[in-house]
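An overview of the molecular structure
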Amino acid sequence: MLQGLTRITPVLCETTVRSMYKASSVYPTCYNFPMLKQRTIRQLVKTIGVGLHSGTKVELTLRPAEIDTGILFRRVDFDPPVLLPASALAVGDTRMASTLQQDGAKVSTVEHLMSACAGMGIDNLCVDLTAEEIPIMDGSASSFVYLLQQAGLQEQPAAKKFVRVTKPVEVREGSGAQEKWARLDPYDGFRLKFFIEFNHPAVDRTGQIAEVDFNAESYVREIARARTFGFMQDVETLRGLGLARGGSLENAIVMDEYRILNPDGLRYENEFVRHKILDAIGDLYLVGHPLLAGYTAHKSGHGLNNQLLRALLARPDAYELVTFDQLKDAPPTYARQVSAEWAPN
């Protein structure tokens, strides 16, 4: 877990229950208490794919994890395996993806899997990899959502922890037409609003702004299927930098100077900006817990999203770590998920 996330504002489950049953030596366990609980998966599940940027074949295995593990990546091609916890403070390279680094090992392009974990309410998960990069699959988070659903969702006997933003935090880069920014504001739930600007006819014909409030909208239906995208004129430059070597029409929306080259077109009318929201959800989940916040961004990317989390963590007065022992006290954004996309299966 991240350093700095140590201040918890909960009504501790076991303490509460013990106080209610002082006269008895037998009392209900946390598992049976109506609280918003942590989640993992029921059973191991695995897949094989290629990395978007490395082009390297990789086997990915998802395993159940204990309470308070967080999302833990393991490079099992090292001897002994190297552990890389999902953490904003462990992010190094942010060129075209978010990359974790520790003890000479890397795990790159974590954002789509992290986004799926956030969307499905997964708190604790072990992710085994046989190479450096998470497989790109179809370029969205939908394959990872499917894997998590196939593995089954399992509640755990401990309260789910949230990072509640209590004061606005903002980061900016550039000026004028080159300005980019990202901001977190206090909000009783999780809402994201994103503005894009690419000055490309295929992108300009779609929506440039999208807003998603998970109090009313579904991650699986509205966000998970949005694919990453790129431009043909950038491919040679990116490959010269060791990037985009595994990209194709099978795992990305690809455009020439004028149009979309994928024969099936777009999955959403505004798929480009929806994918930027998908990425932001994954990048922000690297804070270690779900956020209670409103996120707004203009032309932000992995680097600026990471800077935003680091700015938040550098201000202990701007956030608190909270739990909800009573489901009725939880924000509707998350309480509704218990019987919806987060429901154990």
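Now for a description of the structure that goes with this document.

Cut-off values and rules
- Residues numbered from 1 in each chain as written.
- Predicted model: local features only at pLDDT ≥ 70, side-chain atom pairs only at ≥ 80, totals over all residues.
- Heavy atoms only, no water.
- Helix = DSSP H or I, 4+ residues; strand = E, 2+ residues; numbered from the N terminus.
- Buried < 20%, exposed > 50% of the residue type's maximum accessible area, 1.4 Å probe, protein only.
- Contact = heavy atoms within 4.5 Å.
- 1 Å grid on protein atoms, 1.4 Å probe; cavity = no way out; pocket = protein on both sides within 12 Å on 5 of 7 lines; lining within 4 Å.
- Points joined across faces, edges and corners; volume = space filled by probe spheres on them.
- Pairing = 2+ DSSP bridges.
- Axes fitted to C-alpha atoms, helices over the stretch in contact; angles between N-to-C directions.
- Phe/Tyr/Trp six-rings, centres within 6.5 Å; stacked < 30°, edge-to-face > 60°.
- Lys NZ or Arg CZ within 6 Å of the ring centre and 35° of its normal.

Moving on, we get to the environment of Phe144. Along the chain, the position of Phe144 falls in helix 3 (residues 142-151). Residue classification places Phe144 among the buried positions, given a relative accessible area of 1%. As a C-alpha pair, Phe144 and Leu62 span 82 residues in sequence and 9.8 Å in three-dimensional space. Among residues more than four places away in sequence, those in contact with Phe144 are Leu60, His112, Leu113, Ala116, Ile134, Pro135 and Met137.

Following the criterion strictly, the structure yields three cavities of 30 Å³ or more and no others. Estimated volume of the largest cavity: approximately 200 Å³. Lining the largest cavity are 17 residues, and of these Ala118, Gly119, Phe190, Tyr334 and Trp342 sit closest to its centre. For the lining of the largest cavity, the secondary-structure elements that each account for two or more residues are helix 2 (111-119), helix 7 (271-284) and helix 9 (332-335).

Okay, the sheet that holds strand 6 (residues 82-85) next. Read across the open sheet, the five strands follow the order 3-4-9-5-6; overall the sheet is mixed. Each of the sheet's edge strands pairs with one partner strand only, and the pair in question is strand 3 (45-50) and strand 6. The sheet shows a mean angle of 25° between the axes of neighbouring strands, direction not considered. Bridging between strand 5 (residues 71-75) and strand 6 involves four bridges; their strand directions are antiparallel.

Topologically, Val107 is positioned in strand 8 (residues 105-107). Once the C-alpha coordinates of Val107 and Ala131 are considered, the two residues, 24 residues apart in sequence, prove to be 8.0 Å apart. Once residues within four sequence positions are removed from consideration, Val107 is found in contact with Phe73, Arg75, Leu84, Ser98, Thr99, Leu100, Leu129, Glu132 and Ile134.

What follows is about the packing of aromatic side chains. Given two aromatic rings, one states the distance between the centres and the angle between the planes to describe the pair. Counted under the stated rule, the structure contains ten aromatic pairs. Consider the rings of Phe190 and Phe214, whose centres lie 6.1 Å apart with planes at 25°: the pair is stacked. Pair noted here: Phe190 is in strand 14 (residues 190-195) and Phe214 is in the loop between strand 15 (209-213) and helix 5 (219-222), with a separation of 24 residues, a long-range link. Of the residues examined, Phe190 reaches a relative accessible area of 9% and is grouped as buried. Phe214 sits in the buried class, given a relative accessible area of 6%. Here the aromatic residues Phe162, Phe324, Tyr334 and Trp342 are joined through ring pairs into a cluster of three or more. Its end group placed over the ring of Trp342, Lys160 keeps NZ or CZ at 4.5 Å from the ring centre. Seen from the ring of Tyr187, Arg191 lies directly overhead, with NZ or CZ sitting 4.0 Å from the centre.

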